[in-house]
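An overview of the molecular structure
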Amino acid sequence: MAREVKGVTDPDVTPLAERVHLIGIGGAGMSGIARILLARGAAVSGSDAKDSRVVLALRALGADVAVGHDPAHLPAAPATVVISSAIRASNPELVAARERGLPVVHRAEALAALTGGRRLAAVTGTAGKTSTTSMLTVALQHSGFDPSFAIGGDLAASGSGAHEGTGDVFVVEADESDASFLAFSPEVAVVTNVEADHLDHYGSAEAYVAAFSDFLGRIVPGGVLVTCVDDLGAAALARVAQQRGIRVRRYGRAGGADAQLLEFRPDGAGSRVVLRHDGVEHLLRLGVPGEHMALNALGALLAGVELGAGPKVLLEGLAAFDGVRRRFEFRGRAAGVAVYDDYAHHPSKVAAQLRAARDVTGGQGRVVVAFQPHLYSRTRQFAHAFGAALGLADEVIVLEVYGAREDPEPGVSGALVADAVALPREHVRYVPRWADVPAVVAEVAVPGDLVITMGAGDVTVLAPEILLELEKREQG
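All values derive from a computational prediction rather than experimental measurement.

**Section: the packing of aromatic side chains**
Within the structure shown, the criterion is met by seven aromatic pairs. Summarising the aromatic geometry, the rings of F181 and F215 are spaced 4.9 Å apart at their centres and angled 10° between planes, so their arrangement reads as stacked. One end of the pair, F181, is in the loop between β9 (169–173) and β10 (188–191); the other, F215, is in helix α7 (residues 205–216), and 34 residues separate them in sequence. F215 matches F181 in its accessibility class, with the two residues each being buried. Centre to centre, the rings of F371 and F386 are 5.1 Å apart; their planes meet at 40°, and the pair counts as tilted. A residue pair is termed long-range when its members are at least 10 positions apart, and F371 in strand β18 (residues 367–371) and F386 in helix α12 (residues 376–390) qualify at 15 residues. Here F371 matches F386 in class, with each residue buried. In textbook terms, an aromatic cluster arises when at least three aromatic residues are bridged by ring pairs, as seen for F181, Y202, Y208, F212 and F215.

In C-alpha cells form, the structure reads like this:
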C-alpha cells in the first residue's frame, strides 16, 4: 500500500481534466507542470501570492494567472485543481474547490499523470536531486534524445526547469520531502543518498528511510536502481533492492562500482575527473565545482546508459553542463569579491557546497557564507549539524529562520545555529534583521574572498544588494 502523501487521499495516478487550475502556480515544481500542460494544449489557470518572472513567463505562454488567493479565481468550468504540500488546508481556493466537488490532486500526482506512456527516469535522494536530474537531462539532449523533463530548478542554459519533449523518455526530479515521490513508477530510479531530513513530515529518521524502501516497490518490473554506494544510507538501500531481485547499478569511489570515481581535482570553477565505467577509464572535465557534483555526474551517466544512450556521448554532454540556477550560481564580482548563491538547506548540502567553494578559491581567498536557516523544525533538529557544516567557512553570517510553511516556535531562531558554529566568536555573526545583512557582508569581505548566500528562502535576493554594497565600499 502506498504511503500517504499530505494533501492527497490516494496517490495513485488520477487522469487530469482538460482544464487545470494550479494553486501556487509560481513555484518551481508547479510552474513546470503548467508549462507541460500548456505545451499539450490544456487550458491552464492558477494563482500565486505575487507576480514574478515565472508568473510572467506562464502568462506569455497562455496561462491565466491571478495574484492572491480567492475562490473567484477558480474556473467556472469543471477543472482539476493541483496543489503542493505548501498549500494549507485553509487556503480559500482549496476550500472552495472541495466544496464544489472539484478533483484535487497533489503536484506529484499530476506530474505522474503527465508521465504516462513514457519511459520514466525518476531522480531522488536527500541531496543532489536537482543537479543530478539536470545533468541527466542535458546529457540525454546531447545524445540526440529530446526528453520531457520536470526539474525543481531552472537549467542555466535554457532558463527553464520543464519541457515537453518529442521523445519517449521523461526525466523527473522526484521529491521525497513529503513522500510524494511514491506517486511515480520509474523504469530507472536514481537515489543519490539517504540521510535523515524532513522530520516535520515523517516524524522520525526511521520513517524517512522506510519511505525509500517503499520507493523501491514503485520501480517497474525489469527496472533498475542507480545509487551512490559511498553513502551509507544509499548503500543499505542497494542491498535491500538486491534482496528483492531489483537490478542495481552503483557509482562512487568504492571499488567494484559500475561507474567509479578514480580521481578528482579542482580546476577553477570546475573540476577534472577520472572515472572508470565498465572497465574503461575516461577523463571528464566538469564546468561545475565540487566532488559531490562529480558523483552526481556518475549517477547521471549510469542512468543515461540504462535509457539507451552511449557512454561517450553522455560524457560529452556532462562536460557541456553549465549548472542550475541557485546551485552554486555565480551572481557577480565587485571590489575583488566573487558572490555566489546556493539553495543548500540541509547540513550535508551546506558542507558539500562550502567544500566546493574552498575548491574554487584554490586556497587564495576566504570563504564567507551568509546562511538562512529554513523551517523552524529543521533548525531545531539540526542546529548542531548546521553549526559543524558552517565551520568549514572562514566567516559566517547567520540570518533569521525562514519559516516558509511553518509557524514560529518559541526559542527557535537563527541564534541556535550561530551559537553552534565551530569557529571563534569573532568570525560568527547572528544578524536577525534581514535588511542589515548586505552591509554586514560587505564589511566582512575583503578582496580575494568568495561570498556565498545560502538557504532555501528569500536569502537568494540578497546577492545583488551585497554586490551593490561592495561597489559602494570600493568607491568610497
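**Observations concerning the packing of α7 against helix α8 (residues 232–243)**
How two helices sit against one another is set out by the angle between their axes and by the gap between those axes. The contact between α7 and α8 brings their axes to 10 Å, and the two run at 35°. Both α7 and α8 take part in a crossing whose hand is right-handed. Contacts between α7 and α8 involve F212, S213 and L216 from the former and L237, V240 and A241 from the latter. Within the contact of α7 with α8, the residues separate by chemical class into five nonpolar, one polar and no charged.

**Quick look at the UniProt feature "binding site: ATP" (unreviewed entry) in the protein chain**
Per the UniProt record, the feature "binding site: ATP" (unreviewed entry) sits at G125, T126, A127, G128, K129, T130 and S131. With respect to the helices, strands and loops of the structure, K129 is situated in helix α5 (residues 129–142). A relative accessible area of 9% means that K129 is categorised as buried. Beyond its immediate chain neighbours, meaning those up to four positions away, K129 contacts V123, T124, E173, A174 and E176. For T130, the location among the structural elements is in helix α5. Excluding residues that lie within four positions of it along the chain, T130 makes contacts with I151, G152, G153, E173, V324 and R327.

**Quick notes on the side chain of T460**
Checked against the element boundaries, T460 lands in the loop between β21 (450–454) and α15 (462–475). What T460 contacts, discounting residues up to four positions off in sequence, is R326, R331 and D341.

**A short note on the pattern of salt bridges**
Should their charged atoms come close, side chains of opposite charge can pair. If you walk through the whole model with that rule in mind, you get 25 salt bridges. Of the charged contacts, one joins E263 and R272 as a salt bridge, the two residues approaching to 3.0 Å between their closest N and O atoms. The partly exposed category is assigned to E263, whose relative accessible area is 24%. Linked through salt bridges whose partners overlap, the residues forming this network are R247, R249, D258, D278 and E306.

**Focus on the sheet that holds strand β1 (residues 19–23)**
Strand order in this open sheet of five strands is β3-β2-β1-β4-β5, and the pairing throughout is parallel. Every other strand in the sheet has two partners, leaving β3 (64–67) and β5 (104–106) as the edge strands with one partner each. Across the sheet, the mean angle from the axis of one strand to that of its neighbour is 20°, orientation sign disregarded. Note that β1 and strand β2 (residues 43–48) share five bridges and pair parallel. Among the inter-strand pairings, V20 is bridged to a residue of β2, identified as V44.

**A word on the sheet that holds strand β15 (residues 280–286)**
What the ten strands build is an open sheet, ordered β8-β7-β9-β6-β10-β11-β12-β13-β14-β15; its pairing is mixed. The strands lining the two open edges of the sheet, one partner per strand, are β8 (162–163) and β15. Bridging between strand β6 (residues 119–124) and β9 involves five bridges; their strand directions are parallel. Directly across from R119, in β9, lies its bridge partner V169.

**A look at the packing of helix α11 (residues 347–361) against α12**
Running from N to C, α11 and α12 cross one another at 5°; their axes reach a closest spacing of 8 Å. Judged by the angle between their axes, α11 and α12 are roughly parallel. Residues P347, V350, A351 and L354 of α11 lie in contact with α12, whose contacting residues are F382, A385, F386, A389 and L390.

Quick notes on the rules
- Residues numbered from 1 in each chain as written.
- Predicted model: local features only at pLDDT ≥ 70, side-chain atom pairs only at ≥ 80, totals over all residues.
- Heavy atoms only, no water.
- Phe/Tyr/Trp six-rings, centres within 6.5 Å; stacked < 30°, edge-to-face > 60°.
- Helix = DSSP H or I, 4+ residues; strand = E, 2+ residues; numbered from the N terminus.
- Buried < 20%, exposed > 50% of the residue type's maximum accessible area, 1.4 Å probe, protein only.
- Axes fitted to C-alpha atoms, helices over the stretch in contact; angles between N-to-C directions.
- Left-handed = near helix turned anticlockwise from the far one by under 90°.
- Contact = heavy atoms within 4.5 Å.
- Nonpolar A, V, L, I, M, F, W, Y, C, P; charged D, E, K, R; others polar.
- UniProt positions renumbered as here; feature names shortened; annotations may be inferred.
- Salt bridge = Lys/Arg side-chain N within 4 Å of Asp/Glu carboxyl O.
- Pairing = 2+ DSSP bridges.
- Parallel < 35°, antiparallel > 145°, perpendicular 65-115°, else oblique.

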